[in-house]
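These are the residues of each chain, in order.
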Amino acid sequence: MRRSHVIVVTGAGGVGKTTLSAALGVVAARAGKEVLVITVDPARRLSDALGIPGIGNRPTPVPDVEGLSAAMLDVTASWEAITRRHAHPDVADRLDANPFFRTIADRFPAAQSYAAAEQMAEFVETGYWDLVVVDTPPSAGGLDFFLAPRRMRDLIGGRLLRWLTGARLPARRTLYRITAKPVLRVADAILGGPLLEEIAEFLLDVRTLYDGLAARARSIERLMVRAATIVVSTATPASLREARRFYEELTDVDVTPRGVVFNRALPVSWIDAANAPPPDGRDALALRDNLRRWGEEAQRMHEARRKFAARHQTSIATIPWLESAPTTIEELTAMVRAADGLELAGLTG
Amino acid sequence: MLERKLLLVSGKGGVGKSAVTASLALRASRGGKKVLAIGMVDGFGLAAHLGAEEFKHEPHEVLPGVFTFAVDRSRSLDEYLKIQLRVPRSVPTRQFSKAANVLVDTAPGIREIISMGKPIFEVWKATYDIVIVDAPPLGQLLSYLRAPATIADLVPAGAIRQQAEEMRRALADPATAGLLLVTTLEELPVLETVEALSALEAERLIDGVGIVANRVLAPLGLAADPADVPDGPHRDAALLHEHLLDEQRLWASRLGDHDTLPFLFGLLTPGEVAARLADAWVET
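The model shown is predicted, which means the values in this text are computed figures rather than measured ones. (Residues numbered from 1 in each chain as written. Chains lettered and ligands numbered in written order. Predicted model: local features only at pLDDT ≥ 70, side-chain atom pairs only at ≥ 80, totals over all residues. Heavy atoms only, no water.)

1. Notes on the overall build of chain A
Thought 1: Per the secondary structure count, chain A includes 16 helices and 8 strands.
Thought 2: Counting the 349 residues in chain A, one finds 56% classified as buried.
Thought 3: A separation threshold of at least 6 residues defines the contact pool for chain A, and within that pool the share at least 24 residues apart is 77%.
Thought 4: Split by element, the accessible area of chain A, about 15300 Å² in all, is 50% carbon and sulfur. (Helix = DSSP H or I, 4+ residues; strand = E, 2+ residues; numbered from the N terminus. Buried < 20%, exposed > 50% of the residue type's maximum accessible area, 1.4 Å probe, protein only. Contact = heavy atoms within 4.5 Å. Areas by Shrake-Rupley, 256 points an atom, 1.4 Å probe, with all protein chains shown as cover.)

2. Quick notes on the overall build of chain B
Thought 1: Looking only at helices and strands, chain B features 10 helices and 8 strands.
Thought 2: Scored against the burial criterion, the 284 residues of chain B give a buried share of 55%.
Thought 3: The long-range fraction of contacts in chain B, counting pairs at least 24 apart against all pairs at least 6 apart in sequence, stands at 76%.
Thought 4: Per element, the accessible surface of chain B, about 12100 Å² overall, is 50% carbon and sulfur.

3. Some points on the packing of helix α6 (residues 138-154) of chain B against helix α7 (residues 159-172) of chain B
All names here are of chain B.
Thought 1: Taken N-terminus to C-terminus, the directions of α6 and α7 make an angle of 145°; their axes are 8 Å apart at the nearest point. Read as a crossing pair, α6 and α7 show a hand that is left-handed. Facing α6, whose interface residues are L145, P148, A149, I151 and A152, α7 presents I160, R161, A164, M167, R168 and L171. (Axes fitted to C-alpha atoms, helices over the stretch in contact; angles between N-to-C directions. Left-handed = near helix turned anticlockwise from the far one by under 90°.)

4. Some remarks on the nonpolar core
Thought 1: Within the largest apolar cluster, 50 residues are counted, with the highest numbers of intra-cluster contacts made by I38, Y114, M120, V134, F145 and F308 of chain A.
Thought 2: Core analysis: the second largest hydrophobic core is formed by 42 residues, Y144, I160, L181 and L200 of chain B among them. (Core = buried A, V, L, I, M, F, W, Y, C linked by side-chain atoms within 4.5 Å.)

5. Some words on the sheet that holds strand β1 (residues 6-11) of chain B
Residues and elements named next belong to chain B.
Thought 1: Sheet architecture is open: 8 strands sit in the order β3-β4-β2-β5-β1-β6-β7-β8, paired in mixed fashion. Each of the sheet's edge strands pairs with one partner strand only, and the pair in question is β3 (60-63) and β8 (259-262). Shown here is a sheet whose adjacent strand axes are inclined to one another by a mean of 30°, direction ignored.
Thought 2: Taken together, the 4 bridges between β1 and strand β5 (residues 130-134) define a ladder with parallel strand orientation. (Pairing = 2+ DSSP bridges.)

6. Some details on the environment of D231 of chain B
Residue and element names in this part refer to chain B.
Thought 1: Take D231: it is sitting in the loop between β7 (208-216) and α9 (233-255).
Thought 2: Note on D231: relative accessible area 69%, which makes it exposed.
Thought 3: Along the backbone, D231 and A48 are 183 residues apart, and their C-alpha atoms lie at a distance of 41 Å.

7. A closer look at the side chain of N214 of chain B
Residue and element names in this part refer to chain B.
Thought 1: Summarising the element assignment, N214 is placed in strand β7.
Thought 2: Separated by 2.9 Å, the side chain of N214 and the backbone oxygen of V15 make a polar contact.
Thought 3: Leave out the neighbours within four places in its chain, and N214 touches V15, G16, V20, V182, T183, T184, L185, L261, P262 and L277. (Polar contact = N/O pair within 3.5 Å; in protein donor to acceptor, adjacent residues only side chain to side chain.)

8. Here we look at unusual backbone geometry
All names here are of chain B.
Thought 1: Despite not being glycine, A126 has its phi angle at roughly 60°, a positive value.
Thought 2: Residue position: A126 is located in the loop between α5 (110-125) and β5.
Thought 3: A positive phi is found at R204, a non-glycine position, where the angle reads about 50°.
Thought 4: Among the secondary structure elements, R204 is positioned in the loop between α8 (187-203) and β7.
Thought 5: Given the relative accessible area of 68%, R204 is considered exposed.

Right, here's the structure in full:
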C-alpha cells in the first residue's frame, strides 16, 4: 500500500482553486501517477474540462487522461449521517428527536466540513492513489475544513459538558442534579426553561460518540498536517488580505502552507512598457492611458507579491492572466506550463 | 437608503464591502448626519477605510461626525447579559459569564444574536442619526439575520426570547433597517448575490435597499477594434480591458437593477479609496 501524497488547495472563493486543482491533477497523471482530484464544487466547467458529464461521490475515471480520477465531496452529508456512523442506534434515535440537536444539525456548518474531511481521509487511506488533490470548500477560504475535526472534538468532548458535569462522564440520572446548580437555575430563567436540560442531554448523548469520533478526528488532523497545503490568491487587495489572514490562521493550527500561488498575474513587462510610445493613430492617447492604468495595476500586484513573500518567507508561484478560464485538458496543461514557480512549492515534477 | 436608522452592508468576501461601508459613512456625514460605522466581523478593513491606524472596540470619532468601532464578542456578551437581559447583580457574574461564553460557543444562534444585537442596541440608544454596519459576508449573513428566529424557535420563553423577538421586528421593519448588497460584476459574486436576494425576499428578514456593483470598468472609447492594434503591450492591455468589460456587461445583465461604483486604478490608500467612492456614488 502506498502512502498518498496529498495536496490541499485553499483560498477565498473565486480565485481559481477548482481550476488549479484540476490542472495539477492532469499534469501529475500525465507524468504517470495515479491521481485523484477531489472537488467540492459541482462546477460544470470542471466536469466539462475533464470530459466527464458529472462527478459523483465515488472516484470517476477521466476518460482522456490515463491515471486521473475525480470525485466530489458530499457536503450535504448531515449530522445525522455522522451520528449514525459513530453512535449506538438508540443514541442516534434519541439525538434525532432532541430539538437542540435538530437545530444544531441544521445550522452548525462544521458538520458539513467535517463530513467532507472524513470522506477525504477515506480516499487517502485506500492507499491506491499516488496523489490526492483536494479542492477545499469555499467557506472561510477552506479554513473550516482544517478546523472541523478539532471543532468536532471540542464540541463532543467539550468545555460546556465538562463544566456542566465535572471532568467525568455522569450517568443520565445525574442530569437533574446538573441542572439544579444554582447558576444554571438563573440561566434557565433567562434562557427560558428546558433549553439547558436539552443541551445537557444532547451533550451526554454526543459524549458517547466521543471515543470513536475523537480518534477519527485526530487521525484526520494528522493527515492534514502532513499534506502539502497551498494558498491560492489573486493580487487584488481584498484577495491578498484574505490570503494573508488565511496563511496566518493555518499556521495557528500547525499547518505550514507549502507556498502561495498567485493566479491571474498581469505581465510585469507592462510596468516599463507604459512609458513606451503607443502605436500611431486616432486611438494613440486612449491606448497609452489604458496601458498606464493597467501598468500601475501590474505594479501594484507585483509589489503585493513581493511584500507577501518577504513577510512570510514562503515560496511564491504565479500563473499569468488568461483571457478565459481553461476549459479543456490541453488548456489546463498549458496553464501549469505557463506558471512560474510551481515546482518551488513542490507541486509539479 | 441613508434615511434608515440602521443600514447593513453585505456581499461576497472580496468585493469591497468595507470600502463601500466606509464610503456610505462619509456620504452620510457629508449630509450632516452623526454616523456610527460598526465592523461586525473584521474590524480592520473598515477602520483602514475610515483612515484609522487600528480598530478599537469602543466608539471613537475618526473623522468629523464619523464614529466607529469593531464588535468584540466577549464584551458584547457581557453587555448583553447585564444591560439587555438585566441579569441580577446577585448572580456571580464571572462564573456566569464563563458559563455563558461556553454556551455561546455551543448553542446555535447565540453567537450571532449577540453580534447582531450590538448594532440594534445602538439604534435603540439613538445616540447617532444612522448606524452603518460592515456586516458579515454573504455566506454567513443569513445565519446572522436568522439568529433571532433561531433563538425564538429554541427558547420557549424568558428574557432572551423576548429580546430576540424585538430584534427580529427591528430588522424586519423597513422604517428602521435596510440591507445593501455589494457585488462585483463577476460570476460567483453575482450568482451568490442573486441567490441571497431570493432567500431574503422569501424569508422577509430585512428590507433590501438595493444592490451596488463595485469596481465597474469604463469603456475605453477606441475608434478601432483593439484586435487591429499592432502587436505589443498596448494591444494586450486594450484586449484585457475590453475582455473584462464584456464580462462585466454580461454579469450586469444577470444582476437586475443596481447602482455602480467605478474601478479605481492606481496606488491608493484605503482611506483614499473610500473618499473616492463617496465622491462617486451615483444612483443609476
